[in-house]
Amino acid sequence: MDKLSFSHSQIQSKLWLCENIEPLLPERAVVANLGCWHNLLGFMLVTRNQHYYEQVLGLDIDPEAITGADTLCEGYMFGYGTVRIQNKCADANTYNIQGHNVIINCSTEHMSDEWFNNVDPNALVCIQSSDVDISEEPWLITNPTDSLEKFAERFPMTERLVLKELQFEYGNLSFKRFMLIGRK
């Protein structure tokens, strides 16, 4: 498993997401986590508050990431407790996410926005991105957003519930993480 998925900013961004989305979740949420990488977020959601979720689906286009997700989430893949985590290697832009009442995408800077067209307008949507614009390893940013305002414009919501940014400072590296939660 890639240790970058467990970096300080990754963990803090996911905890920040959990704290903000949990009060807004529908009962027995059926979650699709797009661009899930190792599905650390799915694991965190379920271990924090298992009773909030019926199912968590992690989607990533990288088969190695899904192998890591299966390793991390193994205890929840076989119906441990009441929640089941499932990880699939698939393109989030074309995968049928209908039937999921919560859609999460924390990887929008790494993919096109095509997936957003497939979101059910009744679903709760949580999106994260950053103002990092580095296309080289390890960042591999292909679809950057440079401000919170442009991020909100990029993903229009009929009902905006949360729009926030979180600053990260690491000596010579500084960046902002953006989060939007709402209904399309």
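As the structure is a prediction and not an experimental result, all values here were calculated from the model.

Rules used in this analysis
- Position numbers for residues count from 1 along each chain, tracking the sequence in the order it is written.
- The model is predicted, so local features are restricted to residues of pLDDT at least 70 and side-chain atom pairs to those at 80 or more, both for listing and for counting; the totals for chains, interfaces and linings are taken over all residues.
- Computation of side-chain values covers all heavy atoms of the structure but excludes hydrogens and water.
- Two cysteine sulfur atoms make up a disulfide if the distance between them is within 2.5 Å.
- Take the buried residues of types Ala, Val, Leu, Ile, Met, Phe, Trp, Tyr and Cys, join any two whose side-chain atoms come within 4.5 Å, and each joined set is a nonpolar core.
- A 1.4 Å probe rolled over the protein chains alone gives each residue an accessible area, and that area as a share of the maximum for its type sets the label: buried under 20%, exposed over 50%, partly exposed in between.
- Secondary structure is summarised from DSSP: a helix means a run of H or I of at least four residues, a strand means a run of E of at least two, and numbering begins at the N terminus for each.
- Two aromatic rings from Phe, Tyr or Trp, using only the six-membered ring of Trp, form a pair when their centres are within 6.5 Å; if the ring planes differ by under 30 degrees the pair is stacked, by over 60 it is edge-to-face, and anything between is tilted.
- Working rule: Lys NZ or Arg CZ, within 6 Å of ring centre, within 35 degrees of ring normal, means a charge sits over the ring.
- Two strands qualify as a pair provided DSSP detects at least 2 bridges between them.
- Axis geometry follows a simple rule: fit a line to the C-alpha atoms, using only the stretch in contact for helices, then measure angles between N-to-C directions, giving values from 0 to 180 degrees.
- Any two residues whose heavy atoms approach within 4.5 Å are treated as being in contact.
- Just so you know how the angles are binned, under 35 degrees is roughly parallel, over 145 roughly antiparallel, 65 to 115 roughly perpendicular, and the rest oblique.
- In this scheme, a crossing is called left-handed if the near helix is turned counterclockwise away from the far one by less than a right angle; it is called right-handed if the turn is clockwise.
- Only Asp, Glu, Lys and Arg are considered charged, only Ala, Val, Leu, Ile, Met, Phe, Trp, Tyr, Cys and Pro nonpolar, and every remaining residue, Gly among them, polar.
- Note on definitions: salt bridges are taken to be side-chain nitrogens of Lys or Arg within 4 Å of carboxyl oxygens of Asp or Glu.

Participant: Sorry, what's going on with the state of the cysteines here?
Facilitator: Disulfides are covalent bonds that connect the sulfur atoms of two cysteines. For the structure shown, the criterion picks out zero disulfides. In this structure C36 is not part of a disulfide, and its nearest cysteine sulfur, from C73, lies 7.8 Å away.

Participant: Which parts of the structure should I look at to understand the nonpolar core?
Facilitator: What tends to happen in soluble globular proteins is that the nonpolar side chains get buried as a cluster. Formed by 26 residues in total, the largest nonpolar core has its most connected members in L17, I21, Y53, V102 and I104. Put simply, the parts of the chain that give this core at least two residues each are α1 (8-21), β1 (29-34), α2 (40-48), β2 (53-60), α3 (63-77), β4 (102-105), β5 (124-130) and β7 (173-183). The leading source of residues in this core is α2, at five residues.

Participant: Even after reading the chapter, I still don't get the environment of M111, so can you show me in this structure?
Facilitator: Position of M111 relative to the elements: it lies in the loop between β4 and β5. A relative accessible area of 14% places M111 in the buried class. Along the primary structure M111 and D91 are separated by 20 residues, whereas in three dimensions their C-alpha atoms are 9.7 Å apart.

Participant: Help me understand the packing of aromatic side chains in this model?
Facilitator: The way to describe two aromatic rings as a pair is by their centre distance and the angle between their planes. If you walk through the whole model with that rule in mind, you get 10 aromatic pairs. For the pair W115 and F116, a centre-to-centre distance of 5.5 Å together with 80° between the ring planes defines the contact as edge-to-face. For W115, a relative accessible area of 0% gives the class buried. The ring of F116 has K184 sitting right over it, with the charged end atom 5.0 Å from the ring centre.

Participant: When you look at the sheet that holds β7 in this model, what are you seeing that I'm missing?
Facilitator: Picture the strands of a sheet paired through backbone hydrogen bonds; they go either parallel or antiparallel. On the basis of which strands lie adjacent, the open sheet formed by seven strands has the order β3-β2-β1-β4-β5-β7-β6 and mixed pairing. Every interior strand has two partners, whereas the edge strands, β3 (84-89) and β6 (159-170), have only one. Pairwise comparison of adjacent strand axes, ignoring direction, gives a mean angle of 15° for this sheet. Where β5 meets β7, seven bridges bridge the pair, whose relative direction is antiparallel. Bridge pairing links S130 to R177 in β7. Sitting on the sheet, α2 is in contact with β1, β2, β3 and β4, with an inclination near 170° to β2.

Participant: What exactly am I supposed to notice about the packing of α1 against α2 here?
Facilitator: Each pair of packed helices can be summarised by the angle the axes make with each other and by the distance between the axes. It is the contact of α1 with α2, at a shortest axis distance of 10 Å, that shows an interaxial angle of 45°. Overall, the two elements α1 and α2 adopt an arrangement that is oblique. In this structure, α1 crosses over α2, and the sense of that crossing is right-handed. Along its contact with α1, which presents I11, K14, L15, L17, C18, E19 and I21, the element α2 presents L40, L41, M44, L45 and R48. Among the residues forming the contact of α1 with α2, the class breakdown is nine nonpolar, no polar and three charged.

Participant: Is there a simple way to think about the pairing of β2 in this case?
Facilitator: The two faces of a sheet get side chains in turn, since along a regular strand they alternate between them. Among the eight residues of β2, six are classified as buried, and the element is accordingly described as predominantly covered. Here β1 pairs with β2 via six bridges, running parallel. Within β2, the residue paired with V31 across the bridge is V56. In the sheet, β2 pairs with β3 via six bridges, with the strands oriented parallel. If you follow Q55 over to β3, its bridge partner there is R84.

Participant: Would you mind going over the pattern of salt bridges with me for this structure?
Facilitator: Opposite charge on two side chains lets them pair, provided their charged atoms get close. This structure, assessed with the given rule, holds six salt bridges. Between E109 and R177 there is a salt bridge; the shortest N-O distance is 3.0 Å. Residue E109 is located in the loop between β4 and β5, and its partner R177 is located in strand β7; the two are separated by 68 residues in the primary sequence. R177 matches E109 in its accessibility class, with the two residues each being buried.

It is worth stressing that arrangement in space is one thing and function is another; only the former is reported here.
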